[in-house]
Amino acid sequence: MNRAGKKQRERARKQRRAERKAAGVPAAKASVAAPVLGAAAVKIDPALSWHIARTLPRMGERALKALKEAQVDWYQPRTSEVVVRRGRRVVRSTPLLMRTVFIGVRDVDHLAQARSQPGVSEIVSHPEPESGPEGNIASLVMRPARLDPDDLQRLADRLAEAEIVQPTGISVGQSVLVREGPFASFPGIVDDILPNDRIRVCVSLFGRMSPIVLDIAQVAGI
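What comes next concerns the included structure. Only a predicted model underlies this, so the values are computations on that prediction, with no experimental measurement involved. (Residues numbered from 1 in each chain as written. Predicted model: local features only at pLDDT ≥ 70, side-chain atom pairs only at ≥ 80, totals over all residues. Heavy atoms only, no water.)

On to helix α3 (residues 108-115). Residues of α3 that are buried: His110, Leu111 and Ala114. Along the axis of α3, the buried positions cluster into a sector of 100 degrees, meaning they face one direction only. Exposed and facing more than 90 degrees away from the buried side of α3 are Val108 and Asp109. For α3, the N-terminal capping position is held by Asp107, with its side-chain oxygen 3.2 Å away from the main-chain nitrogen of Asp109. (Buried < 20%, exposed > 50% of the residue type's maximum accessible area, 1.4 Å probe, protein only. Helix = DSSP H or I, 4+ residues; strand = E, 2+ residues; numbered from the N terminus. Arc of directions from axis to C-beta. Polar contact = N/O pair within 3.5 Å; in protein donor to acceptor, adjacent residues only side chain to side chain.)

This is how it looks when you write it as structure tokens:
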């Protein structure tokens, strides 16, 4: 067999391997490190008292770790964007609300413990009238603002639905070029944008369109 025939057979084998792999593409994995936008739905425990905590500058990750060690439930909405680092497209996840995290505690003592954790600067409070004997001059005291768990759950659900990355130039129906992986250099069409920074792309394999699931950073708009 001549050299051209060998190259053609090698290309055919690569295409068959790519097609088999496409048929077995695993589903996107939900984040286990933290409840992030676009991941599996966040569960807000209605039995807990939910409040808003503010973290110190550049100490957000330390505060979250300390809250977890103190057995404080927390929820921090995050957003994702595609950026280029050293010529490589990667997905970067950042907090949606700067220096802000929703925390769930058991009681007043647990809230005080959360407030004292490293990296936590304050618990957001609001003024309330102070109760006292009748006839006293009314005054206001600052008390930790408490969130309705049902409202917070609805917020988390809406954010989880909305926080699917929509990179500039890539949308459903958009023509794209696969940049990395076994399908590198394959052209395709975006069929759907999925949670967890994933998209479903239809590429042409052996004359027919086959759907594959890729990271958003693995494709570029044409």
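A positive phi angle, close to 65 degrees, is found at Arg58, a residue other than glycine. When you line up the elements, Arg58 lands in the loop between β1 (49-55) and α2 (60-69). Look at Gln71: it is not a glycine, yet its phi comes out positive at around 60 degrees. Among the structural elements, Gln71 can be located in the loop between α2 and β2 (73-75).

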